[in-house]
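# Remarks on the overall topology
If you want the building blocks of each chain, they are given just below.
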Amino acid sequence: MSTAFAPARPGAAEDPVDTLIKSIRIPPRPSLLADLQRELASPEPSPNAIGRIVASDVGMSGALLKLANSATYGRGRKAKSIDQAIMSIGINQVAALMTGLLARQAIPANSAALASFWDVSTRRAQAMVFLSRRLRIGEPDVAHTFGLFCDTGLPLLMDRFADYAGTYAAASLETERAFTAIEEERHATSHAAIGCLLARNWGLSGDVSWAILQHHDYAVLDDAACAPAVRSMIALSLLAEQAICKYRGLESFEWNKGGARACAYLGLAEDETAELVDELVEAFHDEQ
């Protein structure tokens with residue numbers, strides 16, 4: 001675990017890593033997200049109350065309807081209102097979609113190196129929902145949230161370090177070492193550690209936070225002591241990564257590092273894996 005999470009000893013000088021982490025701007029939790037989370041935490045969450053929260057933002061309303069009617073989330077009948085969208089895809093999935101939209105507003109990825117950041121994150125989240133449902137592993141809305149947030153530390157590090165674009169390029173092309181090992185070597189932290197802090201600050205689930213922290217540590221897939229929900233999210237994200245790279249005509253170095261472990265954990269044979277990846281690629285093309 002990153003030393004960013006180690007508590008300081010009373011009277012001890014502040015750890016330089018702690019100082020560094022505090023210098024990275026973590027966007028505060030949006031008020032609309034806090035409203036959604038409060039309603040979801042109530043004994044009986046109200047679809048009408050959630051609908052009013054969503055409807056208070058025109059951009060969110062339009063985006064929700066578009067997502068609810070997409071090939072990934074749609075159920076055949078087109079949703080024509082926020083209430084219909086909520087009834088169609090469920091309260092928890094609506095909350096996950098809105099959390100993602102708010103994240104996109106709060107965490108801009110404007111650099112050339114991250115030009116496709118949110119497109120890739122959105123595809124990963126959609127793929128995670130598909131895989132969670134198809135394989136009946138975990139909760140689709142939790143998988144969606146992890147898919148969106150697992151790389152949110154990237155734009156924050158890009159904003160903090162002038163030379164991070166070089167680190168990102170080197171880590172993306174690394175064929176053996178962990179992506180995060182390159183980041184920690186150069187910057188004393190990683191996008192996984194920063195993404196975990198963001199998830200905690202935004203009130204996301206503990207499983208999502210831990211999965212974000214460990215999503216480049218594929219050894220956890222063999223670790224029975226690690227929570228099944230965390231291992232499942234990491235395994236599904238590798239399948240999603242493979243599908244996204246195939247759709248974009250790229251080789252997935254992350255799949256090469258951890259794909260075999262992911263398939264073993266999920267109990268997938270080679271032909272089953274290939275079929276799932278092909279289905280996801282086809283779904284991505286249908287979304288164009």
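Higher on the page you've got the structure.
The structure contained in this document is the topic of the report that follows. (Residues numbered from 1 in each chain as written. Predicted model: local features only at pLDDT ≥ 70, side-chain atom pairs only at ≥ 80, totals over all residues. Heavy atoms only, no water.)

## Observations regarding a negative patch on the surface
- Taken together, E270, D271, E272 and E275 make up a surface patch of like negative charges.
- Examined against the element boundaries, E270 turns out to sit in helix α16 (residues 270-286).
- Exposure remark for E270: the relative accessible area of 72% places this residue in the exposed category. (Patch = residues over 30% accessible without salt bridge, like charges linked within 9 Å, V, L, I, M, F, W, Y side chains within 5 Å. Areas by Shrake-Rupley, 256 points an atom, 1.4 Å probe, with all protein chains shown as cover. Salt bridge = Lys/Arg side-chain N within 4 Å of Asp/Glu carboxyl O. Lys, Arg positive; Asp, Glu negative; His and termini not counted. Charge placed at Lys NZ, Arg CZ, Asp CG, Glu CD. Helix = DSSP H or I, 4+ residues; strand = E, 2+ residues; numbered from the N terminus. Buried < 20%, exposed > 50% of the residue type's maximum accessible area, 1.4 Å probe, protein only.)

## Description of the side chain of D151
- For D151, the location among the structural elements is in the loop between α8 (140-149) and α9 (153-160).
- Reaching out from D151, the side chain makes a polar contact with the side chain of H191 at a distance of 3.1 Å.
- Each residue touching D151, except ones within four places of it in the same chain, is listed here: F117, R124, H191, H215 and H216. (Polar contact = N/O pair within 3.5 Å; in protein donor to acceptor, adjacent residues only side chain to side chain. Contact = heavy atoms within 4.5 Å.)

## Brief notes about the nonpolar core
- Core analysis: the biggest nonpolar cluster contains 82 residues, and L64, V94, M98, F146, F149 and L239 have the highest contact counts within it.
- Counting residues per element, this core draws most heavily on helix α14 (residues 228-248), which supplies 11 residues.
- Leave out the neighbours within four places in its chain, and L239 touches L131, L135, W255, L266, L268, T273, L276 and V277. (Core = buried A, V, L, I, M, F, W, Y, C linked by side-chain atoms within 4.5 Å.)

## Looking at the packing of α14 against helix α15 (residues 253-266)
- One can describe the packing of α14 onto α15 by two numbers: an axis separation of 9 Å at closest approach and a directional angle of 130°. Between α14 and α15, the angle falls in the class oblique. Where α14 crosses over α15, the two elements pack in a sense that is left-handed. Here P228, R231, S232, A235, L236, L238, L239, E241 and Q242 of α14 lie close against α15, whose contacting residues are E254, W255, G258, G259, A262, Y265 and L266.
- Looking at the contact of α14 with α15 residue by residue, the class counts come to nine nonpolar, four polar and three charged. (Axes fitted to C-alpha atoms, helices over the stretch in contact; angles between N-to-C directions. Parallel < 35°, antiparallel > 145°, perpendicular 65-115°, else oblique. Left-handed = near helix turned anticlockwise from the far one by under 90°. Nonpolar A, V, L, I, M, F, W, Y, C, P; charged D, E, K, R; others polar.)

## Observations concerning helix α7 (residues 117-135)
- Counted at 1.5 Å a residue, the expected span for α7 with its 19 residues is 27 Å, and the 26 Å between its end C-alpha atoms agrees.
- Regarding α7, the residues found buried are F117, W118, V120, S121, R124, A125, Q126, A127, M128, V129, L131 and S132.
- On its buried face, α7 sits against α4 (58-68), α6 (91-106), α8, α9, α14 and α16.
- Positioned one or two residues after α7, R136 has a phi angle of 55°, which is positive. (Expected span 1.5 Å × (residues − 1).)

## Things to note about the environment of M60
- With respect to the secondary-structure elements, M60 resides in helix α4.
- Along the sequence, M60 and E279 sit 219 residues apart, while their C-alpha atoms lie 28 Å from each other.
- When near neighbours in sequence (up to four residues on either side) are disregarded, M60 contacts L32, V54, M98, L101, L102 and Q105.

## Looking at α14
- An ideal rise of 1.5 Å per residue puts 30 Å on 21 residues; α14 measures up with 30 Å between its terminal C-alpha atoms.
- With respect to burial, α14 is a largely interior element, 15 of its 21 residues being buried.
- Positive backbone phi, approximately 75°, marks G249, located one or two places after α14.

## Some remarks on the side chain of T145
- Topologically, T145 is positioned in helix α8.
- T145 gets classed as buried once you look at its relative accessible area, which sits at 10%.
- Other than its neighbours up to four places away in sequence, T145 contacts A96, L204 and V208.

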